[in-house]
Amino acid sequence: MQFTGNPPDPQTTDEALSEALELWRAALGSAAVLLDEEAAEFADPYSPQEFGFVPRVVLQPDCVEQVQEIVRVASRTGVPIWVNSQGRNNGYGGGAPRLPGTVVVNLRRMKRVLEINDELGYVVVEPGVSYRELYEAVRASGKSIIVDIPDLSWGSVVGNALDHGNGYTNYSDHAAALCGLEVVLPDGEIVRTGHGAMPDSPNWHVSKRGYGPQLDGLFTQSNFGIVTKAGIWMMPRPDSYAFGAIKVERDSDLEALVDTIRPFMVDGTIASCPTIFNSIGAVSNEATRAEVWPHPGPVPPEVTDQIGREFAGLGAWNLWFGIYGDRKVVARHLERIAEAFSGLPDAEFESQFIEWDELSPDNDKLNQKQKVHGGVPDLSMLKVLEWEGGQRGGHISFSSTVPLTGADSRKIVELTRARLAEDDAEYFGGLVLYPRFAIHVSLLLYDLDIPGQVQRRYLAYADMVRQAAQLGYGEYRAHLRFMDLVAEQYAFNDSSLRRLAETIKDAIDPQGILAPGKQGIWPARLRGQAPHSREGG
């Protein structure tokens, strides 16, 4: 596996780029065209620059008309563009493009909160709005909706939804919460999905289905258009919020933990997004390895659970969830869950009602899990990057989707543990639970200053993607470097799904100017020319 950057797109000549830059400066103003060092801010700080994912030109439009002009210039000159919202997708490639010579379009300046509707429970935002900014806008408005927050609140609300991200409340599936998009197509045309196709329809952000195909999903994890506005459903603030925590003492209890919680997910008792993490994964949010294991090398597997218990009162596996609604109904739900886990030896169940006026980013009496389940922004999860002890910590996430069963959970955990053990690396792992499936998330942590460590983690990641595919488990997101590798695992009928995406790409973007290679979808002019790494390294 070679760790060299992808070669530039042959379509991007110096002459074409010079012409495009002149036109873009005229349309956006020189201050909105960032070059070289200014543009390098949008590289992923967790990815070594020698891997080639470093933007050299970044455009920052502030309105949809400027986005249209950017696209038209790209079409006229043949210079491809790569779009991001906040550009903070760190660990997945950040705001960088897949191919050198591709110009980044960053939508951070398009940051208007256009509507907050607590009567019907939705917001309308531009792609530059971060979770923290939306939270502050809702709080300032006095409206009573809960912003569904992921672990880190600095990212884009729209960008996270388009990349299949998740939060923690009853509206945790962010892609599913999208309702009504405004999209600039690769030829500069604007379309509005659903009822937005009707002039001034009040249904645009309340009904997902207009007349004909439902197209919102076409623009998630794709390179078919640039989303410039989005409606997103949010949870109206309920009467009460209770936070629950369950821990089990033995690693072997994972299957029982998953199988016991599953019925409450399927029947809707728990409508939020619970998470399960192992002891060392939870400890890493609060401490470095040196603070809990002041000895050379990784923490031995046989003492990880002991460290979790002694350092933070954790179990071998720890489950957290929120329940929302009428206080008496929530209390009864908690009783039923407690009864179910009373039959599981050594399981400990705790719960508490958290009042809405207690929830704020500054309340140190609440932990990170209690805050994000209550819709409060937080950045404390960044502490995990300090695990290796250096100043340039990073990670890549191995994130496989599995059925929500104890047996499947065990299979993916053991697969990951075994491969990481080959590198003497700790297993930081857990499960993000949905009603019928889970996303197993394992952080492959490294220090950029430790020679060879990034390469070893990347090699481990590629191995695990292939091994998981043998069990039928696919990744739901991927780093720029591994988009083709992940796409190749979805190989039914000679990769007919990818071929369908390519057919749509050719029809909607015949010049292939928009985000070539995103999610493994390449324009016709680059297919078969291997400008990218098919083997995933």
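This structure is a prediction, so every number in the text was calculated from the model and none was measured.

Another aspect to go through is the sheet that holds strand S2 (residues 57-59). Ordered in space as S1-S2-S4-S3, the four strands form an open sheet in which the pairing is mixed. The sheet is open, and its two edges are formed by strand S1 (33-35) and strand S3 (81-84), each paired on a single side. When the angles between neighbouring strand axes are averaged without regard to direction, this sheet yields 25 degrees. Taken together, the three bridges between S1 and S2 define a ladder with antiparallel strand orientation. The partner of Leu 35 across the bridge, within S2, is Val 57. Together, S1, S2, S3 and strand S4 (103-106) form the strand contacts of helix H1 (residues 14-28), whose direction differs from that of S1 by roughly 135 degrees.

Here the focus is the packing of helix H12 (residues 406-422) against helix H13 (residues 453-470). Any two packed helices are characterised by the angle at which their axes cross and by the distance between the axes. Contact pair H12 / H13: the axes reach a minimum separation of 10 Å and the direction vectors enclose 150 degrees. Put simply, H12 runs roughly antiparallel to H13. When you trace H12 past H13, the crossing you get is right-handed. Across the interface between the two elements, Ile 412, Leu 415, Thr 416, Arg 419 and Leu 420 from H12 touch Leu 459, Ala 460, Asp 463, Met 464, Gln 467 and Ala 468 from H13.

Turning our eyes to something else, we now look at the sheet that holds strand S16 (residues 393-403). Ordered by their spatial adjacency, seven strands build an open sheet running S15-S12-S14-S13-S17-S18-S16, and the pairing between neighbours is antiparallel. Looking at which strands have only one partner, the edges of the open sheet turn out to be strand S15 (348-353) and S16. Between one strand axis and the next, the sheet turns by 20 degrees as a mean value, whatever way the strands run. Alignment of S16 against strand S18 (residues 437-447), held across 11 bridges, turns out to be antiparallel. Residue pairing for S18: Gly 393 is matched across the bridge by Asp 447. Lying over the sheet, H12 contacts strand S14 (317-325), S16, strand S17 (429-433) and S18, oriented at roughly 150 degrees with respect to S16.

Pairing between side chains becomes possible if they bear opposite charge and their charged atoms approach one another. Inspection of the entire model under this criterion finds 34 salt bridges. One salt bridge in this structure joins Arg 527 and Glu 502, with 3.8 Å as the shortest N-O distance. Taken together, the residues Arg 527 in the segment after helix H15 (492-508) and Glu 502 in helix H15 connect sequence positions 25 residues apart. We classify Arg 527 as partly exposed; its relative accessible area is 25%. One salt-bridge network, in which partners are shared between bridges, spans Asp 251, Glu 255, Arg 410, Glu 414 and Arg 417.

To continue, consider the side chain of Glu 426. Mapped onto the elements of the fold, Glu 426 is located in the loop between H12 and S17. Reaching out from Glu 426, the side chain makes a polar contact with the backbone nitrogen of Val 299 at a distance of 2.6 Å. Engagement of the side chain of Glu 426 in a polar contact is seen with the side chain of Trp 387, the distance being 3.3 Å. Apart from the residues within four sequence positions on either side, Glu 426 is in contact with Arg 289, Pro 298, Val 299, Trp 387 and Leu 420.

Let us look at the confidence of the model for the chain. Of all residues in the chain, 97% have pLDDT values of 70 or greater, and the mean over the chain is 91. pLDDT under 50 marks residues 1-5. Its contacts with residues more than four places away, or in other chains, come to 21 contacts. Residue range residues 530-537 is modelled with pLDDT below 50. Its contacts to residues more than four positions away, or to other chains, number 30 contacts.

As a further point, take unusual backbone geometry. Even without being a glycine, Asp 36 presents a positive backbone phi close to 50 degrees. By secondary structure assignment, the location of Asp 36 is in the loop between S1 and S2. If you check the backbone angles, Asp 424 has positive phi at about 55 degrees while not being a glycine. By secondary structure assignment, the location of Asp 424 is in the loop between H12 and S17.

Listed as buried for helix H3 (residues 131-141) are Tyr 131, Leu 134, Tyr 135 and Val 138. Down the axis, H3 shows its buried residues gathered within 100 degrees of arc, on one side only. Buried residues along H3 sit in contact with strand S5 (113-117), strand S6 (122-125), strand S7 (145-146), helix H4 (157-162) and helix H5 (174-177). Gly 142 sits one or two residues past H3 and shows a positive phi near 80 degrees.

About the thresholds
Residues numbered from 1 in each chain as written. Predicted model: local features only at pLDDT ≥ 70, side-chain atom pairs only at ≥ 80, totals over all residues. Heavy atoms only, no water. Pairing = 2+ DSSP bridges. Helix = DSSP H or I, 4+ residues; strand = E, 2+ residues; numbered from the N terminus. Axes fitted to C-alpha atoms, helices over the stretch in contact; angles between N-to-C directions. Contact = heavy atoms within 4.5 Å. Parallel < 35°, antiparallel > 145°, perpendicular 65-115°, else oblique. Left-handed = near helix turned anticlockwise from the far one by under 90°. Salt bridge = Lys/Arg side-chain N within 4 Å of Asp/Glu carboxyl O. Buried < 20%, exposed > 50% of the residue type's maximum accessible area, 1.4 Å probe, protein only. Polar contact = N/O pair within 3.5 Å; in protein donor to acceptor, adjacent residues only side chain to side chain. pLDDT = per-residue confidence, 0-100. Arc of directions from axis to C-beta.

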